[in-house]
Amino acid sequence: GTTTDHAEAKASQWGTDQIHAHFPVLYSPMPASRLTTLSVALNIALGAVLLYAAFAASSHGSVASGLAVRKAAPQVGSRLGRIACRRPSLAAFAEAGEYPHNKENPVRIGTRGSPLALAQAHETKRRLEEAFPHLRDGAVSINVISTEGDERLDIALAEIGGKGLFTKELDVQLLLNKVDICVHSMKDVPTYLPEGTILPCNLPREDTRDVFISNKAKSLADLPPGSVVGSASLRRQSQILAKYPELKVVNFRGNVQTRLKKLGDGVVDATMLALAGLKRMDMEEHATQIIEQDEMLPAISQGAIGIQCRTNDQASLDYLAALNHPETKTCVDCERAFLAALDGNCRTPIAGQAKIIDGKLHFRGLIARPDGTDLFEVVREGAPEDAEKIGREAGEFLLPNVDETFFIVPGNEVKLEAPTAK
């Protein structure tokens, strides 16, 4: 059959000596006919293992076995492990009269430890408990994971790797089966995901606008020349300098509370934050002015929470399907397709916003030099089901305006200056 022909061709291609060199424990020099017989036997054994795994995963009596697999997850990257250890769906558990998670075996949420990240994790926990009563009373836990982006606050994101700094440690814990789902601010998530993971869920989107915060002025326009604006975002820097080149923008990192304290201490004259973060922490009163999108286009996926899980974890996929907000997911997918087409990250001033209005998707995107001297925009619209195509084509439309030096400012100004106390 096909397997035998393949084995004979492989034996002929490599030769007996080469096979012996690659597999000294399993093989010793032997005729090709014996090698073929051994290959068939090994394939039969492998098929038996896979059939047994499939039967175990599909039978009602295997629910407990599926749970046991969770405690001894296969090595990451093992194809056989991914097939054999796919967990049963919630429907299978319900039919068997039990669920995979309880107080002793909770759904484990992975999150960063900032106040905003914890607020988003608790919102996810609340929504899970509302949608699935069996998860109440301690069946959902929150696990804090420190990331490099949280620890290295003295360096601009553009200098130390960009978006992945806030997610890679969570990715590792997810793939090692230390957590079941990870909650992210979508604007921090790279356009690529590690193999074996998926991001199938976006919660309803919060307000996507930025806010201006200052003790000295009511708006950017009111700041006197030479005023210092603190921001870690090249997107904000480029749009500020495009309209107010007389201002100075410096690197200004840390969580919301840290930035507000620095502002109060006079380290900078003003700063800018996402309104969504302030709302989620009930801190809107700190906003001096809400900036409309015509003046400051938001970051890709700003205001959206994304939840990631392993591709083979059917129970988590079922949980997240119930939490997903389709309109937000459609808009975020459009924006991330735009970002991917431009190969953007925290080192590149890229902005974009998709909205569904009267059944039609409207997208506006922007790329700029960090110093604001060049800024290009694109507008597209179409059917929501074509969201990713719309975003991708918008990015491809802007690509001819970008060369390898576009995001590099002469004099190395792309490295935002660290603020100094006044």
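Cut-offs used in this document
- Residues numbered from 1 in each chain as written.
- Predicted model: local features only at pLDDT ≥ 70, side-chain atom pairs only at ≥ 80, totals over all residues.
- Heavy atoms only, no water.
- Helix = DSSP H or I, 4+ residues; strand = E, 2+ residues; numbered from the N terminus.
- Expected span 1.5 Å × (residues − 1).
- Buried < 20%, exposed > 50% of the residue type's maximum accessible area, 1.4 Å probe, protein only.
- Contact = heavy atoms within 4.5 Å.
- Core = buried A, V, L, I, M, F, W, Y, C linked by side-chain atoms within 4.5 Å.
- Pairing = 2+ DSSP bridges.
- Axes fitted to C-alpha atoms, helices over the stretch in contact; angles between N-to-C directions.
- Disulfide = S-S within 2.5 Å.
- Salt bridge = Lys/Arg side-chain N within 4 Å of Asp/Glu carboxyl O.
- 1 Å grid on protein atoms, 1.4 Å probe; cavity = no way out; pocket = protein on both sides within 12 Å on 5 of 7 lines; lining within 4 Å.
- Points joined across faces, edges and corners; volume = space filled by probe spheres on them.
- Nonpolar A, V, L, I, M, F, W, Y, C, P; charged D, E, K, R; others polar.

For the rest of this paragraph, the subject is helix 7 (residues 115-131). With 17 residues, helix 7 ought to run about 24 Å at 1.5 Å a step, and its terminal C-alpha atoms sit 24 Å apart, in line with that. Looking at helix 7, one finds that the buried residues are Ala117, Gln120, Ala121, Glu123, Thr124, Leu128 and Glu129. Where the residues of helix 7 are buried, they touch strand 1 (107-111), strand 2 (140-144), strand 3 (181-185), helix 13 (275-280), strand 10 (305-310) and helix 14 (314-323).

To continue, consider the nonpolar core. Grouped together as the largest cluster of nonpolar side chains are 21 residues, with contacts concentrated most on Leu128, Leu135 and Ile181. When residues of this core are traced back to their parent elements, those giving at least two are strand 1, helix 7, strand 3, strand 10 and helix 14. Looking at this core element by element, the count peaks at five residues for helix 14. With residues near it in sequence (within four places) discarded, Ile181 still touches Val107, Arg108, Ile109, Gly110, Thr124, Leu128, Leu174, Ile307, Gln308, Cys309, Ser316 and Leu320. Membership of the second largest hydrophobic core comes to 17 residues, among which are Cys334, Phe363, Ile367 and Phe406.

Our focus in this paragraph is the sheet that holds strand 5 (residues 210-214). The pairing of strands in a sheet happens through backbone hydrogen bonds and is either parallel or antiparallel. Spatially, the five strands line up as an open sheet ordered 7-6-8-5-9, and their pairing is mixed. A strand with exactly one partner marks an edge of an open sheet, and here the two such strands are strand 7 (248-250) and strand 9 (289-291). Pairs of neighbouring strands in the sheet enclose a mean axial angle of 30 degrees, with direction left out of account. Here three bridges tie strand 5 to strand 9, and the two strands are oriented antiparallel to one another.

Quick look at the environment of Lys355 now. Topologically, Lys355 is positioned in strand 11 (residues 350-357). Owing to a relative accessible area of 38%, Lys355 belongs among the partly exposed residues under this scheme. Taking the C-alpha atoms as reference, Lys355 lies 6.2 Å from Cys331; in sequence the two are 24 residues apart. Each residue touching Lys355, except ones within four places of it in the same chain, is listed here: Gln293, Cys331, Lys360, Leu361 and His362.

What follows deals with the state of the cysteines. In this structure the tally under the stated criterion is zero disulfides. Free of any disulfide, Cys182 has its nearest neighbouring cysteine sulfur in Cys309, separated by 9.5 Å. With a relative accessible area of 0%, Cys182 lands in the buried category. Counting only cysteine sulfurs, Cys334 is the nearest neighbor of Cys331, a cysteine outside any disulfide, at a range of 7.3 Å.

So, about the side chain of Ser231. Positionally, Ser231 belongs in the loop between strand 6 (228-230) and helix 11 (234-243). Taking relative accessible area as the criterion, Ser231 reaches 0% and is therefore assigned buried.

Turning next to the pattern of salt bridges. Inspection of every chain in the model, using the stated rule, returns 22 salt bridges. As a salt-bridge pair, Asp210 and Arg235 come within 3.0 Å of each other at their nearest N and O atoms. With Asp210 in strand 5 and Arg235 in helix 11, this residue pair connects regions lying 25 residues apart in the sequence. A relative accessible area of 0% means that Asp210 is categorised as buried. Among the residues examined, Arg235 registers a relative accessible area of 6% and is labelled buried. The partner of Asp265 in a salt bridge is Lys261, with the nearest N and O atoms 3.0 Å apart. Overall, the relative accessible area of 55% leaves Lys261 in the exposed class. Overlapping salt bridges, with partners in common, bring together Glu206, Asp207, Arg209, Lys279 and Glu292 in one network.

By the definition in use, this model includes two cavities of 30 Å³ or more. A volume near 60 Å³ is recorded for the largest cavity. Around the largest cavity sit ten residues that line it, and Arg112, Val183, His184, Ser185 and Asp188 are the ones nearest its centre. Elements represented by at least two residues in the lining of the largest cavity include exactly helix 7 and strand 3. By residue number, the principal contributor to the lining of the largest cavity is strand 3, which donates three residues. Class assignment for the residues of the lining of the largest cavity results in three nonpolar, five polar and two charged.

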